[in-house]
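# Summary of structural features
Spelled out from the first residue to the last, the chains are:
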Amino acid sequence: MLLSNSIATYAHIVDLESGYVDPEYGNDGQQKSPVLVPTVDLEVYTLNFYTPCDGCVLRLIDENDVVVYSTVIPTGATSLVLPSYLSGEYEIQIVQGNTYFYGYIDL
C-alpha cells in the first residue's frame, strides 16, 4: 500500500581521484603526506560532504571543457545544493590549493 505520493530518491557516492593544478609547483622531489580524498555523495541536486571541504572551490565542467558552475564551499558546510537548471553529465572538481579532486556526476 502506497502511503505517500513522494518520489524516492537515492544518494550515490561520487568516485573522486586526485591530481595537481600545477604539477611543477612545489615539486621538490620529497615525499609528501598522502592527501585525504573527500567523501561526497549526490542526491538529486544536493552534494553532501562527509569530510571537510572548507574554502575549496567546487567546479562543474561540461563535455566541451567549459566551467558551467563554480563556487567556494563555505566553512562548515556539510551540503551544497546545485542549481536546478543544470542537466546532464559533468566533471566535478573540488580544488584545494594545488590539489584537485575530480569525478563525474549526472544531474
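It should be emphasised that the depicted structure is a prediction, and the values quoted were computed from it without experimental measurement. (Residues numbered from 1 in each chain as written. Predicted model: local features only at pLDDT ≥ 70, side-chain atom pairs only at ≥ 80, totals over all residues. Heavy atoms only, no water.)

### Considerations on the environment of Val-21
- With respect to the helices and strands, the residue Val-21 is situated in the loop between strand E2 (17–20) and strand E3 (40–43).
- The exposure class assigned to Val-21 is partly exposed, which follows from its relative accessible area of 49%.
- Through-space distance from the C-alpha of Val-21 to that of Phe-101 is 9.8 Å; in sequence the pair is 80 residues apart. (Helix = DSSP H or I, 4+ residues; strand = E, 2+ residues; numbered from the N terminus. Buried < 20%, exposed > 50% of the residue type's maximum accessible area, 1.4 Å probe, protein only.)

### Examining the environment of Gly-88
- Mapped onto the secondary structure, Gly-88 falls in the loop between strand E7 (79–81) and strand E8 (89–96).
- Using a relative accessible area of 24% as the deciding quantity, one classes Gly-88 as partly exposed.
- Distance from Gly-88 to Glu-63, taken between C-alpha atoms, is 9.4 Å for residues 25 residues apart in sequence.
- Residues contacting Gly-88, with those up to four places away along its chain left out, are Ile-105, Asp-106 and Leu-107. (Contact = heavy atoms within 4.5 Å.)

### Digging into the sheet that holds E2
- Taken in spatial order, the five strands make up an open sheet running E2-E9-E8-E5-E6, and their pairing is antiparallel. Edge strands, defined here as strands with exactly one partner in the open sheet, are E2 and strand E6 (67–72). Across the sheet, the axes of successive neighbouring strands diverge by a mean angle of 25°, strand direction being ignored.
- Relative to E8, strand E5 (residues 57–61) is paired through five bridges, and the arrangement is antiparallel. Residue pairing in the sheet places Val-57 in a bridge with Val-95 of E8. (Pairing = 2+ DSSP bridges. Axes fitted to C-alpha atoms, helices over the stretch in contact; angles between N-to-C directions.)

### Topic: the packing of aromatic side chains
- In this structure the tally under the stated criterion is one aromatic pair.
- A ring pair is formed by Tyr-100 and Tyr-102, whose centres lie 5.5 Å apart and whose planes are at 35°; its orientation type is tilted. (Phe/Tyr/Trp six-rings, centres within 6.5 Å; stacked < 30°, edge-to-face > 60°.)

### Re the sheet that holds strand E1 (residues 12–13)
- Read across the sheet, four strands follow the order E1-E3-E4-E7 without closing on themselves; strand pairing throughout is antiparallel. The open sheet terminates on both sides in strands that have one partner only, identified here as E1 and E7.
- Pairing analysis gives two bridges linking E1 to E3, with the strands arranged antiparallel. When the sheet's bridge partners are listed, Ile-13 is paired in E3 with Asp-41.

### Observations concerning the confidence of the model for the protein chain
- Overall, the prediction assigns the protein chain a mean pLDDT of 86, with 82% of residues at 70 or greater.
- Scored below 50 in pLDDT, residues 1–6 shows zero contacts in the model against residues more than four places distant or in partner chains. (pLDDT = per-residue confidence, 0-100.)

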